[in-house]
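Summary of structural features
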Amino acid sequence: MTLVAYTRGGAEYVPEFLMAIDKEKCIGCGRCYKVCGRDVMTLHGVTEDGDVLRPGTEEYEDVEDEIVKKVMAMIHPENCIGCGACARVCPSDCQSHAALD
Ligand code: SF4
Ligand code: SF4
């Protein structure tokens, strides 16, 4: 059965949860981060080798000079409420959303 939610007025709707962000398409603009109030994602650094590392971690500090670009990546996917705001502001169509069973 598909997971549903309810509006304040009691109307049922189907949340579309953030499932993935394509790191090849993402331009690291940060728009999705600004509209999400659930701490689902944050900007990460990408090394020349393509490793995606979270700032503030030991791994990131070790290779900080080798970061060639920033991309958005999920840190707490379980926090997503499926509002879809991030998809509406993304200029690169790099996010995938889906309803859950
Ligand atoms: S769907 Fe809503 S809650 Fe989920 S990541 Fe996007 S903006 Fe955040
Ligand atoms: S809005 Fe799209 S392009 Fe911009 S950081 Fe988020 S996922 Fe990347």
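The preceding data block contains the structure.
Presented here is an overview of the structure given in this document. Only a predicted model underlies this, so the values are computations on that prediction, with no experimental measurement involved. (Residues numbered from 1 in each chain as written. Chains lettered and ligands numbered in written order. Predicted model: local features only at pLDDT ≥ 70, side-chain atom pairs only at ≥ 80, totals over all residues. Heavy atoms only, no water.)

1. Some details on the site of ligand 2
Selection rule: Distances are taken per atom, and a residue is near a molecule or strand as soon as one of its heavy atoms is within 4 Å of it. Each residue gets one of three labels, nonpolar for Ala, Val, Leu, Ile, Met, Phe, Trp, Tyr, Cys and Pro, charged for Asp, Glu, Lys and Arg, and polar for the others, Gly among them.
Surveying the vicinity of ligand 2 reveals 13 residues, the closest of which are Cys26, Cys29, Gly30, Cys32 and Cys90. Each residue belonging to the shell around ligand 2 can be placed in one class, and the counts come to nine nonpolar, four polar and no charged.

2. Concerning a nonpolar patch on the surface
Counted only if it meets this: Residues forming no salt bridge and having over 30% relative accessible area are the ones grouped into patches, like charges within 9 Å of each other and nonpolar side chains (Val, Leu, Ile, Met, Phe, Trp, Tyr) within 5 Å. For accessible areas, the Shrake-Rupley method is used with a probe of radius 1.4 Å. Any residue's cover is judged against the shown protein chains and nothing else. Any carboxyl oxygen of Asp or Glu that lies within 4 Å of a side-chain nitrogen of Lys or Arg is treated as forming a salt bridge with it. Each helix is a run of DSSP H or I of at least 4 residues and each strand a run of E of at least 2, with the numbering of both proceeding from the N terminus. Exposure classes here rest on a 1.4 Å probe applied to the protein chains alone. A residue is buried below 20% of its type maximum, exposed above 50%, and partly exposed in between.
On the surface, Leu3, Met19 and Leu100 cluster together into a nonpolar patch covering about 250 Å² of accessible area. As for its position among the elements, Leu3 is in the segment before β1 (5–6). When its relative accessible area of 42% is taken as the criterion, Leu3 is described as partly exposed.

3. Quick notes on empty space enclosed by the protein
Regions of empty space are outlined by a rolling probe, equal in size to a water molecule, passed over the atoms. Basically, it comes down to this: The method works on a 1 Å grid over the protein atoms by themselves. A cavity is a set of points holding a 1.4 Å probe that cannot get out, a pocket is an open set with protein on both sides within 12 Å along at least five of seven lines, and residues with an atom within 4 Å of a point line them. Grid points are joined across faces, edges and corners, and a volume is the space filled by probe spheres set on the points.
Using the criterion set out here, one finds two cavities of 30 Å³ or more in the structure. Here the largest cavity is characterised by a volume of approximately 100 Å³. What lines the largest cavity is a set of 14 residues, and nearest its centre among them are Cys36, Val40, Cys80, Cys83 and Cys86. In terms of residue class, the lining of the largest cavity is built from nine nonpolar, three polar and two charged. The calculated volume of the second largest cavity comes to roughly 80 Å³. Taken together, 13 residues make up the lining of the second largest cavity; nearest its centre are Cys26, Cys29, Cys32, Cys90 and Cys94. For the lining of the second largest cavity, the residue count by class is nine nonpolar, four polar and no charged.

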